[in-house]
Amino acid sequence: MERIFGRPIVTQEEMRTRIRELGRQITADYADKDLVLVGVLKGAYAFYADLARALRIPMRVDFLVVTSYGTKAKPSGKVKMVTDLTEDIAGRDVLLVEDIVDSGLTVQYLLKTLSRRKPKSIKVCALLSKPERRKVNVTIDYVGFNIPNKYVVGYGLDYQQKYRNLPYLAVLDTVDDEGQGF
Ligand code: 5GP
C-alpha cells in the first residue's frame, strides 16, 4: 500500500495575507463595474470563499463545474463543462476564479466558451500558476502564487478527490512500501 505525505509550501498565514492583497487590488479594479465572480469547481471552492469575502464591492456569485478527460498520468487535454452558470453574463464583468493554471487548457476553453455569451469583460484570477507547464498562451490577470512544477494538494485541490479540506497547501510525496518515491 502506498503512503502519502504532504510538505506544506504555502501556510495558512501566507494564504490569508496574499488573499487580502488580491482582494484590495480586485476591489479597486472593479469598483465601478458589474462584477460576476465565477468559481470553477471543485478546486476553487476554498479560495473562492475567502476571496469573495475579501472583496468590498457589491457583486453576483456564480459557479460552473468542469472536468478534463483522460487520467492524471495521461491527460487528453480535452475539457468539458459539466455544470453551467445560472446567471446571464451578457454585458457584465466576469472574473473567473480558478484553483490552479497548469497547461492553461481549462482557462483557454472557459474564456472561449464564455466569451460567446458577450460579457462586457472577462478576466482570470488563479490562486496558483505553474508557468513552466504552460502549453497554451493564456493571460492570468491575478495570480496568488507562482509555484514550481510539483503536484500540490489542499486548500481545495485534490489527490484522487481527497485532501481538498487541508487548510494549507502541500506538495504531495507518494512513497511505496519500499520507501521509494515516485
Ligand atoms: P490545466 O487545464 O491548466 O492544465 O489544468 C487545470 C486543472 O488541472 C486544475 O484546475 C486542477 O484541477 C488540475 N491540476 C493541475 N495541477 C494540479 C496540481 O498540482 N494539483 C492538483 N490537485 N490539481 C492540479
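Analysis parameters
- Residues numbered from 1 in each chain as written.
- Predicted model: local features only at pLDDT ≥ 70, side-chain atom pairs only at ≥ 80, totals over all residues.
- Heavy atoms only, no water.
- Helix = DSSP H or I, 4+ residues; strand = E, 2+ residues; numbered from the N terminus.
- Buried < 20%, exposed > 50% of the residue type's maximum accessible area, 1.4 Å probe, protein only.
- Contact = heavy atoms within 4.5 Å.
- Polar contact = N/O pair within 3.5 Å; in protein donor to acceptor, adjacent residues only side chain to side chain.
- Axes fitted to C-alpha atoms, helices over the stretch in contact; angles between N-to-C directions.
- Parallel < 35°, antiparallel > 145°, perpendicular 65-115°, else oblique.
- Left-handed = near helix turned anticlockwise from the far one by under 90°.
- Nonpolar A, V, L, I, M, F, W, Y, C, P; charged D, E, K, R; others polar.
- Salt bridge = Lys/Arg side-chain N within 4 Å of Asp/Glu carboxyl O.

Novice: Describe in detail the environment of Ser-129, supporting the description with residues and values.
Specialist: Considering the arrangement of structural elements, one finds Ser-129 in strand E6 (residues 121-129). Overall, Ser-129 belongs to the buried group, its relative accessible area being 2%. Between the alpha carbons of Ser-129 and Tyr-142 there is a distance of 10.0 Å; along the sequence they are 13 residues apart. Ignoring any residue separated from it by four or fewer positions in sequence, one finds Ser-129 in contact with Val-101, Arg-134, Val-143, Phe-145, Asn-146 and Ile-147. For Ser-129, the side chain forms a polar contact with the side chain of Arg-134, separated by 2.7 Å.

Novice: An account of the packing of helix H1 (residues 12-29) against helix H2 (residues 45-53) is needed here, citing residue identities and associated values.
Specialist: It is the contact of H1 with H2, at a shortest axis distance of 9 Å, that shows an interaxial angle of 55°. Considering their axes alone, H1 and H2 lie oblique with respect to each other. Handedness of the H1/H2 crossing: right-handed. Residues Ile-19, Leu-22, Gly-23 and Ile-26 of H1 form the contact with H2, whose participating residues are Phe-47, Asp-50 and Leu-51. Residue composition of the contact of H1 with H2, grouped by class: 5 nonpolar, 1 polar and 1 charged.

Novice: Explain the pattern of salt bridges to me, using residue names and the numbers behind them.
Specialist: For the structure shown, the criterion picks out 9 salt bridges. Here Arg-53 ties to Asp-50 by a salt bridge, and the two come within 2.9 Å at their closest N and O atoms. Note that Arg-53 and Asp-50 are positioned in helix H2 at a spacing of 3 residues, about one turn of the helix. Via salt bridges that share partners, Asp-34, Arg-60, Glu-87 and Arg-92 belong to a single interconnected network.

Shape is all these values report; function is a separate question.
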